[in-house]
Amino acid sequence: MHIFANPARFLSIARPLTSWLGWPGLLLIAAGIVGGLFFTPQDYLQGQSVRIMYVHVPAAWLGMAGWSGIAVSSLMQLIWRHPLAAVAARAIAVPGALFSAICLATGSIWGRPTWGTWWEWDGRLTSMLVLFFLYLGYIALSSAGAERGSNDRISAIFGVVGAANIPVIHYSVEWWRTLHQGQSIGLAGSKIDPSLLWPLPLTTLGFTLLFAAIVLMRMRALLAEAKVAARLKRMASE
């Protein structure tokens, strides 16, 4: 990863890669959403509400994957002092929080007709809500560190420690009695009927590509902001 330590080298790759990831991601999302809404049958138990999974499942995956990215970037910042690690973690935090919020909102919409309530203090739901608040805490800490102009170790430590919640989210349906359904897709296969399943890989891959494009755009914006701030600081000292 040290090959990308030079911001100019990173930007020369990030600029075209943003479009290469973003546009295919949008096309895949559109194809998956259209397929899920108009070309799949309704579930025999959940009815039309099953279609929420084409957004809910990718949002849940990206909420957890985003924090995993923050944890890895934070470790790189603490151990190897990689110059772009803190920038990457800050860039991930906002879209990660957004997808966590989408996961909670779509899960609540699904839960109303399925469970008869908008919210339940279920293990999976509660741990996902904790993840959303962790994102908000990280955004506040990293923004404060950026305003001080320091390579903030506190937010990096917070990013690593917060990763302890990821296995809690994943295994919550196994550790506790829960309203939330168990794992439907695993290495052994899927419990979802193929007639309902096929749009899900499209939206999952599409949202993942879009997430990566957003992170790259935010990294480019943060680097540009830091460059302007450094230039203004030099001008003020002259």
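As the structure is a computational prediction, the values presented were derived from the model and not from experiment.

Q: What's the story with helix H4 (residues 123–148) in this structure? I'm lost.
A: Helical periodicity: at 3.6 residues per turn, an α-helix aligns residues three or four positions apart in one direction. Taking 1.5 Å as the rise per residue, H4 with 26 residues should run 38 Å; its terminal C-alpha atoms sit 38 Å apart, in good agreement. For H4, the side-chain oxygen to backbone nitrogen distance between the N-cap and Arg124 is 2.9 Å, and the N-cap itself is Asp122.

Q: It is not clear to me how the environment of Leu84 should be interpreted in this structure. Could you clarify?
A: Residue position: Leu84 is located in the loop between helix H2 (53–80) and helix H3 (85–115). Spatially, the C-alpha atoms of Leu84 and Ser73 are 8.5 Å apart, while their sequence positions differ by eleven residues.

Q: Before we go on, may I ask you to explain helix H1 (residues 7–38) in this structure?
A: Taking 1.5 Å per residue, 32 residues should reach 46 Å; H1 reaches 45 Å between its end C-alpha atoms and fits that length. Turning to H1, its buried residues number three or more, namely Phe10, Leu11, Ala14, Thr18, Leu21, Gly22, Gly25, Ile29, Gly32, Gly35 and Gly36.

Q: Whenever I open this one, the packing of aromatic side chains confuses me. Can you help?
A: Geometrically, a pair of aromatic rings is defined through the distance of the ring centres and the angle of the planes. Taken as a whole and judged by the stated rule, the model has eight aromatic pairs. Look at Trp67 and Tyr135: their rings are 5.1 Å apart centre to centre, the planes differ by 75°, and that puts the pair in the edge-to-face class. Of this pair, Trp67 sits in helix H2 while Tyr135 sits in helix H4, placing them 68 residues apart in sequence. A residue is classified by how much of its surface remains accessible, and Trp67, at 0% relative accessible area, is buried. A residue is classified by how much of its surface remains accessible, and Tyr135, at 0% relative accessible area, is buried. With 5.7 Å between their ring centres and 55° between their planes, Phe99 and Phe211 make a pair best called tilted. Taken together, the residues span a long stretch of sequence, with Phe99 in helix H3 and Phe211 in helix H8 (residues 199–237) at a distance of 112 residues. The burial state of Phe99 is the same as that of Phe211; both residues are buried. Three or more aromatic residues joined by ring pairs make a cluster, and in this case those are Trp67, Tyr135, Tyr138 and Phe158.

The rules we used
Residues numbered from 1 in each chain as written. Predicted model: local features only at pLDDT ≥ 70, side-chain atom pairs only at ≥ 80, totals over all residues. Heavy atoms only, no water. Helix = DSSP H or I, 4+ residues; strand = E, 2+ residues; numbered from the N terminus. Expected span 1.5 Å × (residues − 1). Polar contact = N/O pair within 3.5 Å; in protein donor to acceptor, adjacent residues only side chain to side chain. Buried < 20%, exposed > 50% of the residue type's maximum accessible area, 1.4 Å probe, protein only. Phe/Tyr/Trp six-rings, centres within 6.5 Å; stacked < 30°, edge-to-face > 60°.

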